Amino acid sequence: MGAAGTNDPSQSDSAPPTADARHLITVKDTPSSGLGVFATSPIPRATRILSTPLLLSLNGGENPAEILAAVNKLSAADRAAYLALHPFAPPVRKDLVKRHIGKRWEALEQWERDAIGVYDANSFEVGVYDLPSRINHSCIPNVHYEYNPAIERGTFHAVRDIAEGEELFISYINGGSRLKSWRQPKLDMWGFVCQCAACTPDAEGKKREARRKQMFELDQKLARQSVYGNEMTASQALKAATQLAGLQVAEGIANRELRTSYHDAARYCLELGNAKLALLWAEKEYAHEKVCVGDDHPICQAVAARVDLLKDIGAGKAELTKELMECFH
Ligand SMILES: C[S@@+](CC[C@H](N)C(=O)[O-])C[C@H]1O[C@@H](n2cnc3c(N)ncnc32)[C@H](O)[C@@H]1O
């Protein structure tokens, strides 16, 4: 592994620490995944473990020339922090270098290869963070990442209680309801073979794979229903959404994929004209959003507004019009 890391997280971000709980974590070597982030004390569910600005801001980053230009614009200290991160450039990157820069990968200078590799291994779509880049992947993550535009920071929340000494994991892919045959090719982009409990081919891994197959089928049915509206009846869709939520809970998928199931359940209750039951699911969705992203996130505030609306409908202060229904789609 190509990165040197600090084991004092409070010193590793260039911006001053804000309201987060980075004092509860440390960065250290793992047996087989390079550096990783570990809890030094118990971390309760919903804790905002990290709230941190981008070290390098770059959306997309398909063009390697843009990555190099962005790295060149960093201050000397930020560039050193950036280049200390773990680099890995997948084969597709080498083609992009040829296409955009007109050079073979091997013809680039070493720092250019590192700068591009760091982007590929650590980019969170909006750019690269410093300390969060040390968090490894699991298909059953215990931490949820979200960019919060209201505070211009990436936030990392514990989605379940994390024990002292436990490693923190996020998911690098949106693969909660996907089979290993879908997940691993995506993870090849980071150059490792996932060994988490969902990926290990033992009895537990097989049980999880069978559960994820059921989840995938329900997820796809609900997605088609949402787009075309003719896959099933509203009551079948409600049943599918609640079944999917149950499977996600059983599988330990506690990130925003679970929130989508609660949202769907609320929506189909409304389609069935049951605003009371819709409120219960919307409240579950809100509680779960608070755990994953916090109530200062605009998406959480939008769910809170929908909960209020359902309360008004329940109290006879508002009517469920076609326009209001749109808010639940
Ligand atoms: C964002 S970095 C995570 C921190 C990294 N381990 C380090 O040392 O800085 C991504 C890289 O970590 C490694 N990695 C992440 N999750 C892993 C896992 N579940 N198993 C093995 N390696 C993993 C891979 O080398 C990957 O390219």
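Residues numbered from 1 in each chain as written. Predicted model: local features only at pLDDT ≥ 70, side-chain atom pairs only at ≥ 80, totals over all residues. Heavy atoms only, no water.

Across the sheet, 3 strands lie side by side as β3-β8-β7; this open sheet has antiparallel pairing. Looking along the sheet, the strands with just one partner apiece sit at the ends: β3 (48-52) and β7 (143-148). On average, adjacent strands in this sheet sit at an angle of 15° to one another, irrespective of strand direction. Relative to strand β8 (residues 153-158), β7 is paired through 6 bridges, and the arrangement is antiparallel. Each residue of the ladder has a partner; that of Val143, found in β8, is Ala158. (Pairing = 2+ DSSP bridges. Helix = DSSP H or I, 4+ residues; strand = E, 2+ residues; numbered from the N terminus. Axes fitted to C-alpha atoms, helices over the stretch in contact; angles between N-to-C directions.)

Along the chain, Pro87 falls in the loop between α2 (76-83) and α3 (91-101). The class for Pro87 is partly exposed, based on a relative accessible area of 24%. Placed 121 residues apart in sequence, Pro87 and Arg208 show a C-alpha to C-alpha distance of 31 Å. (Buried < 20%, exposed > 50% of the residue type's maximum accessible area, 1.4 Å probe, protein only.)

To continue, consider the nonpolar core. Ranked by size, the top nonpolar core spans 30 residues in total, and within it Leu222, Leu238, Leu270, Trp281 and Leu310 carry the most contacts. Once residues within four sequence positions are removed from consideration, Leu310 is found in contact with Leu270, Ala275, Ala278, Leu279, Ala282 and Phe328. (Core = buried A, V, L, I, M, F, W, Y, C linked by side-chain atoms within 4.5 Å. Contact = heavy atoms within 4.5 Å.)

Domain assignment breaks the chain into domain 1 (9-53 + 131-170), domain 2 (56-128) and domain 3 (203-324). For domain 1 versus domain 3, the distance between C-alpha centres works out to 27 Å. Counting from both sides, the interface comprises 18 residues of domain 1 and, opposite them, 18 residues of domain 3. Summing both partners gives a buried area of about 1300 Å² for domain 1 against domain 3, and 55% of it is carried by carbon and sulfur. Between Asp296 and Arg48 there is a salt bridge, with the nearest N and O atoms lying 2.8 Å from each other. When residues of the side of domain 1 that touches domain 3 are traced back to their parent elements, those giving at least two are β7 and β8. (Domains from an automatic or database assignment. Buried area = accessible area lost by both parts, 1.4 Å probe. Salt bridge = Lys/Arg side-chain N within 4 Å of Asp/Glu carboxyl O.)

Before going further, it helps to examine the packing of aromatic side chains. In total, this model carries 9 aromatic pairs according to the counting rule given. Consider the rings of Tyr172 and Trp190, whose centres lie 5.0 Å apart with planes at 50°: the pair is tilted. In this pair, Tyr172 is assigned in the loop between β9 (169-170) and α5 (180-187) and Trp190 in the loop between α5 and α6 (203-228), connecting sequence segments 18 residues apart. Put simply, the rings of Phe124, Tyr129, Tyr145 and Phe156 pair up and form one aromatic cluster. (Phe/Tyr/Trp six-rings, centres within 6.5 Å; stacked < 30°, edge-to-face > 60°.)

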